[in-house]
Amino acid sequence: MICRDHREATAARSRLARRHSALLAERYIAGLELTVGTLEVRDGLMALPTIQIVTTTAFYDYDAKYVRDDTRYPFDIDLPAQVLADVRDLALKTHQVLGCRHLGRVDFIVDEDHRPWILELNTIPGFTTHSLLPMAAAKAGI
């Protein structure tokens, strides 16, 4: 749930606190949503091609990810080459620093100042028809 102001956050907190004993709130960061798969290969760790996630909904929710067929996943991303290189490097470093093995997928938001923000690392990324790691691996010829 995204709260755009203090009033919305207060209402959401009250509503959610009735059902949950603990809540987590994060700062909302507007920008482009990207994902980079990581894969251990014979000569080390490689970053798979970066994918942008483009939804027709307000944000990339369960329906946009698994149900709807109008979410797009382009590889041609309108960002400077250095920003894309930084995102790939951050994905590799995240995989290594967290001690991951074999494969993973690191999700990012790149804000309007071209700063990448790590959202999460998925240590068991999906392998469905909508899954991003297999899409990136196929793009890399794997």
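This report concerns the structure included in the present document. None of the values given here were measured: they were computed from a predicted structure. (Residues numbered from 1 in each chain as written. Predicted model: local features only at pLDDT ≥ 70, side-chain atom pairs only at ≥ 80, totals over all residues. Heavy atoms only, no water.)

## Description of the overall build of the protein chain
Helix and strand counts for the protein chain stand at four helices and five strands. When the helices and strands of the protein chain are placed in sequence order, the string is α-β-β-β-α-α-β-β-α. Among the 142 residues that make up the protein chain, the fraction classed as buried is 34%. Of the roughly 9,400 Å² that the protein chain leaves accessible, carbon and sulfur atoms contribute 52%. (Helix = DSSP H or I, 4+ residues; strand = E, 2+ residues; numbered from the N terminus. Buried < 20%, exposed > 50% of the residue type's maximum accessible area, 1.4 Å probe, protein only. Areas by Shrake-Rupley, 256 points an atom, 1.4 Å probe, with all protein chains shown as cover.)

## Overview of the side chain of Gln 52
Tracing the sequence through the fold places Gln 52 in strand β3 (residues 51-53). Residues within four places of Gln 52 in sequence aside, it is in contact with Leu 32, Glu 33, Leu 34, Arg 72, Tyr 73, Pro 74 and Ile 77. (Contact = heavy atoms within 4.5 Å.)

## Things to note about the packing of aromatic side chains
Within this structure, the stated rule accounts for two aromatic pairs. Both rings, one in Tyr 62 and one in Tyr 66, keep their centres 5.0 Å apart while their planes meet at 45 degrees; by these two values the pair is tilted. In this pair, Tyr 62 and Tyr 66 both sit in helix α2 (residues 62-67), four residues apart, roughly one turn of the helix. Relative accessible area serves as the criterion here: at 38%, Tyr 66 is assigned to the partly exposed category. Looking at Arg 4, its charged tip hangs above the ring of Tyr 28, at a distance of 5.4 Å from the centre. (Phe/Tyr/Trp six-rings, centres within 6.5 Å; stacked < 30°, edge-to-face > 60°. Lys NZ or Arg CZ within 6 Å of the ring centre and 35° of its normal.)

## A look at the environment of Ala 12
Looking at the element boundaries, Ala 12 is found in helix α1 (residues 6-17). For Ala 12, a relative accessible area of 4% translates into the label buried. Taking the C-alpha atoms as reference points, Ala 12 and Ile 2, separated by 10 residues in sequence, lie 9.3 Å from one another. Apart from residues no more than four positions distant in its own chain, Ala 12 is found in contact with Met 1 and Cys 3.

## Regarding the pattern of salt bridges
Under the definition given, this model contains four salt bridges. A salt bridge links Asp 70 to Arg 68, with the nearest nitrogen and oxygen atoms 2.5 Å apart. Here Arg 115 ties to Asp 111 by a salt bridge, and the two come within 2.9 Å at their closest N and O atoms. Looking at Arg 115, the relative accessible area reads 43%, which means it is partly exposed. Linked through salt bridges whose partners overlap, the residues forming this network are Asp 111, Asp 113 and Arg 115. (Salt bridge = Lys/Arg side-chain N within 4 Å of Asp/Glu carboxyl O.)

## Notes on α1
Over its 12 residues, α1 runs 16 Å from end to end, which matches the ideal 16 Å to within 8%, given 1.5 Å per residue. The backbone nitrogen of Arg 7 lies 3.2 Å from a side-chain oxygen of the residue at the head of α1, namely Asp 5. (Expected span 1.5 Å × (residues − 1). Polar contact = N/O pair within 3.5 Å; in protein donor to acceptor, adjacent residues only side chain to side chain.)

## Some words on the nonpolar core
If you look at the biggest cluster of nonpolar residues, it comprises 15 residues, and the most contacted ones within it are Leu 34, Val 36, Leu 79, Val 87, Phe 108 and Val 110. Contributing elements (two or more residues each) for this core: β1 (32-41), α3 (81-97) and β4 (103-110). For this core, the element with the most residues is α3, which contributes five residues. Counting residues in each nonpolar core, the second largest holds 11 residues, with Tyr 60, Ala 64, Ala 136 and Ala 137 among its members. (Core = buried A, V, L, I, M, F, W, Y, C linked by side-chain atoms within 4.5 Å.)

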